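Residue-level listing of the chains:
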Amino acid sequence: MLRKSFLYALAAFAVCASLSAATVEFRGGTLLSAEISRCRPELDIPASNLPNRVYACIVFELARERNISIHDWALSAFGRNFKAIAVCSDGGKWLTDGNVVKNTGDRMALLFELDGTLVSNQRSATLELVALPDSKAAPQEVKFKNLDDSSFTGMDDVPSKGSMVK
């Protein structure tokens with residue numbers, strides 16, 4: 001009986017562990033979510049001329065005493081860098097002006113516009129997060145969940161334990 005209970009407990013733990021969300025540490029703090037979508041958020045700038053545009057969004061918590069702007073990060077796909085085009089703090093409006101956004105301790109998000117022909121149509125895509133400008137830090141691989149035509153998950157809807165694709 002004890003052995004059977006142990007096996008049930010072990011199986012329950014394995015199921016819970018596989019369902020648990022994940023975060024990823026990065027140079028600027030903690031990534032909570034990384035998603036790609038063809039659905040463009042409301043922005044005050046025109047779309048680029050990229051063929052088959054897709055958008056990538058990372059939601060994160062900044063490390064203490066760090067600030068951020070769209071000039072700090074890029075995503076790299078097959079050797080081509082795509083700079084951030086907007087930043088959002090605490091679920092507010094996407095800011096595209098390039099000003100530094102102060103760390104308020106709330107969640108933040110960066111938005112990137114990518115050439116969709118470089119990103120696969122699979123359920124997930126791995127891209128590299130690159131610190132700018134000319135950082136000596138190595139790029140960090142980040143796995144993005146592909147939402148196809150769905151909107152990005154709202155910043156407040158991302159679990160505090162993260163929802164990163166493993």
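Everything numeric here is computed off the predicted structure, so don't read it as measured data.

A separate point is the overall build of the protein chain. Along the protein chain, the regular secondary structure elements total one helix and eight strands. From first element to last, N terminus to C terminus, the protein chain shows the α and β order α-β-β-β-β-β-β-β-β. Burial status across the protein chain gives 40% buried among its 166 residues. Summing over all exposed atoms, the protein chain offers an accessible surface of approximately 9700 Å²; the carbon and sulfur share of this is 52%.

This part is about the environment of valine 100. Of note, valine 100 is situated in the loop between β5 (80–89) and β6 (108–115). Residues valine 100 and isoleucine 68, 32 residues apart in the sequence, show an inter-C-alpha distance of 5.5 Å. Leaving out residues up to four positions away in the same chain, valine 100 has contacts with Asn67, Ile68 and Ser69.

This paragraph deals with the pairing of strand β3 (residues 53–62). Within β3, eight of the 10 residues are buried, which leaves the element mostly enclosed by the surrounding structure. Summarising the sheet, strand β2 (residues 29–37) and β3 pair through eight bridges and their orientation is antiparallel. Its bridge partner being in β3, glycine 29 is matched across the sheet by leucine 62. As defined by bridge partners, β3 adjoins β6 across eight bridges and the pair is classed as antiparallel. Bridge assignment links phenylalanine 60 to a residue of β6, and that residue is methionine 108.

This paragraph deals with the packing of aromatic side chains. Applying the stated criterion across every chain, the model contains two aromatic pairs. With a centroid separation of 5.8 Å and an interplanar angle of 75°, the aromatic rings of phenylalanine 26 and phenylalanine 60 are classed as edge-to-face. Placement of phenylalanine 26 in strand β1 (residues 24–26) and of phenylalanine 60 in strand β3 is noted, with a sequence separation of 34 residues between them. Each member of the pair, phenylalanine 26 as well as phenylalanine 60, is classed as buried. Members of the aromatic cluster, joined through ring pairs, are Phe26, Phe60 and Trp73.

A separate point is the nonpolar core. Residues Ile58, Phe60, Ile68, Leu110, Phe112, Leu129 and Phe144 are the most contacted members of the largest nonpolar core, which totals 32 residues. Listing elements by their share of this core, those giving two or more residues are β2, β3, β4 (73–77), β5, β6, β7 (124–131) and β8 (140–146). Broken down by element, this core gets its largest block of residues, five residues, from β3. Dropping the residues within four chain positions of it, phenylalanine 60 is found in contact with Phe26, Thr30, Leu31, Leu32, Ile68, Arg107, Met108, Ala109 and Leu110. Counting residues in each nonpolar core, the second largest holds 15 residues, with Ile85, Trp94, Ala109 and Met155 among its members.

Once that is clear, we can look at the environment of cysteine 88. Its location among the elements puts cysteine 88 in strand β5. Here cysteine 88 falls in the buried class, since its relative accessible area comes to 4%. Residues contacting cysteine 88, with those up to four places away along its chain left out, are Lys93, Trp94, Arg107, Met108, Ala109 and Met155.

So, how was this worked out
- Residues numbered from 1 in each chain as written.
- Predicted model: local features only at pLDDT ≥ 70, side-chain atom pairs only at ≥ 80, totals over all residues.
- Heavy atoms only, no water.
- Helix = DSSP H or I, 4+ residues; strand = E, 2+ residues; numbered from the N terminus.
- Buried < 20%, exposed > 50% of the residue type's maximum accessible area, 1.4 Å probe, protein only.
- Areas by Shrake-Rupley, 256 points an atom, 1.4 Å probe, with all protein chains shown as cover.
- Contact = heavy atoms within 4.5 Å.
- Pairing = 2+ DSSP bridges.
- Phe/Tyr/Trp six-rings, centres within 6.5 Å; stacked < 30°, edge-to-face > 60°.
- Core = buried A, V, L, I, M, F, W, Y, C linked by side-chain atoms within 4.5 Å.

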